[in-house]
Amino acid sequence: MDHWLGVLAPQLQALVVLADHDGHMTRAAAALGVPQSSMSRRIHALETELTLPLLVHAGRTVRLTPAARGLAQRVRSPLRDIELAVEEAVGAADADHGTVRFGFPLTMGTGRIPDLISDFRRAHRGITVTLKQAPGSELADDLEAGRLDLAVTIPPPARLHHSVIGAQEVLAALPRGHRLARAGRIALADLRDETFIANPASYHLRGATEQWCSAAGFTPAVAFEVTEFGTIRELVARGLGVALLPHDDRAPSGVVEVPLRGDHRRAVALASATALLAPAARRLRDFIVAR
């Protein structure tokens, strides 16, 4: 334990910060608050301690070896846990002040999440919440890399700490003049001959769309792949196809949302990279869970 705290912990922290700055020694040293010479000594000492090459030098540039990147990824969360535990123990952590880096999915830019953030801000004026909206896989990567403290994700990230907080229903988004636009509820098979507008294959909703359509006995004919959900709705409104999307309060007037028969929901989770959160982040987590 003495060896870990006195020697390896500072060296590993230097490695993590260097990985966060893509091997840029000067920027990493500035972020860590130490001279560049000290940063270099810590990395060299860690190489010696582990008898493992951590850096590849190519002219003036430095790259981390695959082993170094893997090690940085594995120790990032434990180091953060230690830091938070010490801060709490000495009373340095302030639950009523600070910054929380919070992420949420592209499909949740209207409605519940903005309402929650607005309510939280009014209740906790001393806490700043910085927001990032991105696909679920990117949010999970940002949590693992320490770029986010907390995120709502779809689907729940199996490799991270999370709790399921709800479900998002997916509806059929149809042009207002569509033959099924006035139906109270439709079967997904009713859309087998339609042109679909969907996200790229890397998006979870695209995968869910293909799985649900397959279960209904057909492969969706995707004519347009679009990253922005607002653009998908605009194309639907113009009669260029149909889509499977969650409800949006700001959907164009030319779009009608029709519920689907069966279970077409996606689990919504609140996730973090570590079980132990900074007090300000814990405030936001508890606020969201309570709502």
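Residues numbered from 1 in each chain as written. Predicted model: local features only at pLDDT ≥ 70, side-chain atom pairs only at ≥ 80, totals over all residues. Heavy atoms only, no water.

**With respect to the environment of G239**
In step 1: Mapped onto the secondary structure, G239 falls in the loop between helix 8 (229-237) and strand 9 (243-246).
In step 2: When the C-alpha atoms of G239 and H178 are compared, they prove to be 8.2 Å apart, with 61 residues separating the residues in sequence. (Helix = DSSP H or I, 4+ residues; strand = E, 2+ residues; numbered from the N terminus.)

**Some details on the environment of L245**
In step 1: Examined against the element boundaries, L245 turns out to sit in strand 9.
In step 2: Once you skip the residues sitting within four places of it in the chain, L245 turns out to touch E169, V170, L171, A173, L205, F229, I232 and R233. (Contact = heavy atoms within 4.5 Å.)

**Observations concerning the nonpolar core**
In step 1: Ranked by internal contacts, the top residues of the largest apolar core, which has 30 residues, are L188, L191, I232 and L244.
In step 2: Listing elements by their share of this core, those giving two or more residues are strand 6 (161-175), strand 7 (195-198), helix 7 (204-215), helix 8, strand 9 and strand 10 (255-258).
In step 3: By size, the runner-up hydrophobic cluster in this structure holds 23 residues, among which are L12, L15, A28 and L54. (Core = buried A, V, L, I, M, F, W, Y, C linked by side-chain atoms within 4.5 Å. Buried < 20%, exposed > 50% of the residue type's maximum accessible area, 1.4 Å probe, protein only.)

**As for helix 2 (residues 25-32)**
Every α-helical turn comprises 3.6 residues, leaving residues that sit three or four positions apart pointing alike.
In step 1: Of the residues making up helix 2, those classed as buried are M25, A28 and A29. The buried residues of helix 2 occupy an angular sector of 100 degrees when projected down its axis, which confines them to one face. Set apart from the buried face of helix 2 by more than 90 degrees, the exposed residues are R27, A30 and A31.
In step 2: Phi turns positive, to about 75 degrees, at G33, one or two residues after helix 2. (Arc of directions from axis to C-beta.)

**Side note on the packing of aromatic side chains**
In step 1: For the structure on display, the rule yields 3 aromatic pairs.
In step 2: With centroids separated by 5.3 Å and ring planes inclined at 75 degrees, the aromatic side chains of F120 and F287 adopt a geometry described as edge-to-face. In this pair, F120 sits in helix 5 (residues 112-123) while F287 sits in helix 9 (residues 279-290), placing the two residues 167 residues apart along the sequence. In this pair, the class of F120 matches that of F287, namely buried.
In step 3: Aromatic side chains F196 and F218 sit 6.2 Å apart centroid to centroid with 40 degrees between the ring planes, which places their arrangement in the tilted category. Taken together, the residues F196 in strand 7 and F218 in the loop between helix 7 and strand 8 (221-225) connect sequence positions 22 residues apart. (Phe/Tyr/Trp six-rings, centres within 6.5 Å; stacked < 30°, edge-to-face > 60°.)

**Some remarks on the domain arrangement of the protein chain**
In step 1: When its domains are assigned, the protein chain resolves into domain 1 (3-90), domain 2 (98-163 + 268-290) and domain 3 (166-264).
In step 2: A straight line from the C-alpha centre of domain 1 to that of domain 2 covers 26 Å.
In step 3: With 9 residues of domain 1 at the interface, the matching set in domain 2 holds 10 residues.
In step 4: For the domain 1 and domain 2 pair, buried surface summed over both sides reaches about 740 Å², with 51% attributable to carbon and sulfur atoms. (Domains from an automatic or database assignment. Buried area = accessible area lost by both parts, 1.4 Å probe.)

**Things to note about the side chain of H124**
In step 1: Among the secondary structure elements, H124 is positioned in the loop between helix 5 and strand 4 (127-133).
In step 2: Taking the relative accessible area as the measure of exposure, H124 reaches 17% and is therefore buried.
In step 3: Setting aside anything within four residues of it in sequence, one finds H124 in contact with R283 and F287.

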